[in-house]
Amino acid sequence: MEALKYPIGRFEPLPDYTPEMVNGFIKDIHYLPQLIEIAVQQLDDYQLQTPYRPDGWTVAQVVHHLADSHMNGYIRMKLALTEDQPIIKPYEEGEWAKLPDVKHIPINVSITLLHALHTRWTNLMEHLTAAEWERTFIHPANGTKHHLKTHAANYAWHGKHHLEHILRLKERMDW
C-alpha cells in the first residue's frame, strides 16, 4: 500500500539546495502541466473516475487537487516574498477534493489553470535573487519555518508524486 500511496517515496527535505538543484525544481514545476495533460488526454470518463489506489482519489480528483494545491503553493511563495515570515493558511485538501467544482468541472479546466499558474510561478522563481530564495514562511500546524528553496523542492516532488499516481494506474490497468 505504501508504494501505491507514495510511488516515488515521501518528500525528504535537505538542509540546503544548490542553485542547480533549484533550477531543476523550477523546470519540474514548469513542465508538470504538459506532463499531466499528456498523461490524461486519452482517458475516458470511467477512467477519470477510477481511484489511483484503494481509498484514494480518482484521477479527476488528483488533477483538480494539483490545481488547488499549486495555487496555494504559489500564494505561499508570494506571501513569503512580500511579508516578514508570514503564517500561512493551511487547508483541508481532502475536503476540497469533495467540493462541487471537483465533481462537476471537467479536468481540462484545471489543466488550463495549471498551465497559466505554472507559467506565472516559474517566471517568478526564475527571477528571484539568492536572498529572496532564503525567505521563509511559517506553517501553523507545527510552527516550522519553510524556506522557499525547500518549498520549491516540495512542489517539484508533489507534481511528480501525483503524475506517477496517474501513470502507474494506467500501467496497472493496461490503459
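The present account deals with the structure reproduced in this document.

Definitions and cut-offs
Along each chain, residues carry numbers from 1 onward, in the same order as the chain's sequence is written. Local features in a predicted model are, by the rule used here, given only for residues with pLDDT of at least 70; side-chain atom pairs are given and counted only at 80 or more, and totals for whole chains, interfaces and linings are based on all residues. Hydrogens and water are ignored here; the side-chain numbers use all heavy atoms of the structure. Axis geometry follows a simple rule: fit a line to the C-alpha atoms, using only the stretch in contact for helices, then measure angles between N-to-C directions, giving values from 0 to 180 degrees. The numbering of helices and of strands both runs from the N terminus, where a helix is a DSSP run of H or I of at least 4 residues and a strand a run of E of at least 2. Oblique is the label for every angle not falling under 35 degrees (roughly parallel), over 145 degrees (roughly antiparallel), or within 65 to 115 degrees (roughly perpendicular). In this scheme, a crossing is called left-handed if the near helix is turned counterclockwise away from the far one by less than a right angle; it is called right-handed if the turn is clockwise. By the convention used here, residues are in contact when the closest approach between their heavy atoms is within 4.5 Å. Note that Gly is not counted as nonpolar here; it falls among the polar residues with everything else outside the nonpolar set of Ala, Val, Leu, Ile, Met, Phe, Trp, Tyr, Cys and Pro and the charged set of Asp, Glu, Lys and Arg. A side-chain nitrogen of Lys or Arg and a carboxyl oxygen of Asp or Glu constitute a salt bridge if their distance falls within 4 Å. Burial status follows relative accessibility: with a 1.4 Å probe on protein chains alone, a residue under 20% of its type maximum counts as buried, one over 50% as exposed, and anything between as partly exposed. One fewer than the residue count of a helix, multiplied by 1.5 Å, yields its expected span. One axis fitted to the seven residues ending at a residue, another fitted to the seven starting there: the angle between these axes is the bend at that residue.

What to know about the packing of helix α2 (residues 19–40) against helix α7 (residues 107–126)
Put simply, α2 and α7 touch, their axes get as near as 8 Å, and they point 165 degrees apart. Taken together, the axes of α2 and α7 are roughly antiparallel relative to one another. Judged by the sense of rotation from one axis to the other, the crossing of α2 with α7 is left-handed. Contacts between α2 and α7 pair I26, I29, H30, L32, P33, Q34, I36, E37 and V40 from the former with I107, I111, L114, H115, H118, W121, T122, M125 and E126 from the latter. Taken together, the residues of the contact of α2 with α7 sort by class into 11 nonpolar, five polar and two charged.

Overview of the side chain of S69
Mapping S69 onto the fold places it in helix α4 (residues 59–82). Sequence-distant contacts of S69, that is, excluding residues within four places in its chain, are made with Y91, Y155 and H158.

Examining the pattern of salt bridges
Side chains bearing opposite charge may pair, as long as their charged atoms lie close to each other. With the rule as written, the count across this model stands at six salt bridges. Taking the shortest distance from any N to any O, the salt bridge between R168 and E164 comes out at 2.9 Å. Placement of both R168 and E164 in helix α9 (residues 148–173) is noted, with a separation of four residues, approximately one turn of the helix. Residue E164 is classed as partly exposed on the basis of its relative accessible area, which comes to 21%.

Examining the packing of α2 against α4
Here α2 crosses α4 at 170 degrees, and the two axes come no closer than 12 Å. Considering their axes alone, α2 and α4 lie roughly antiparallel with respect to each other. Note on element contacts: α4 touches α2 through V59, V63, L66 and H70, opposite L32, I36 and V40.

What about α2?
Between the first and last C-alpha of α2 there are 32 Å, a value that for 22 residues agrees with the 32 Å anticipated at 1.5 Å per step. The largest bend in α2 amounts to roughly 40 degrees and is located at L32, with the proline P33 lying one to four residues further along. Within α2, burial applies to V22, F25, I26, I29, L32, P33, I36, A39 and V40. Against α3 (45–48), α4, α7, α8 (130–133) and α9 lie the buried residues of α2.

Scope: geometric values only; no functional claims are made or implied.
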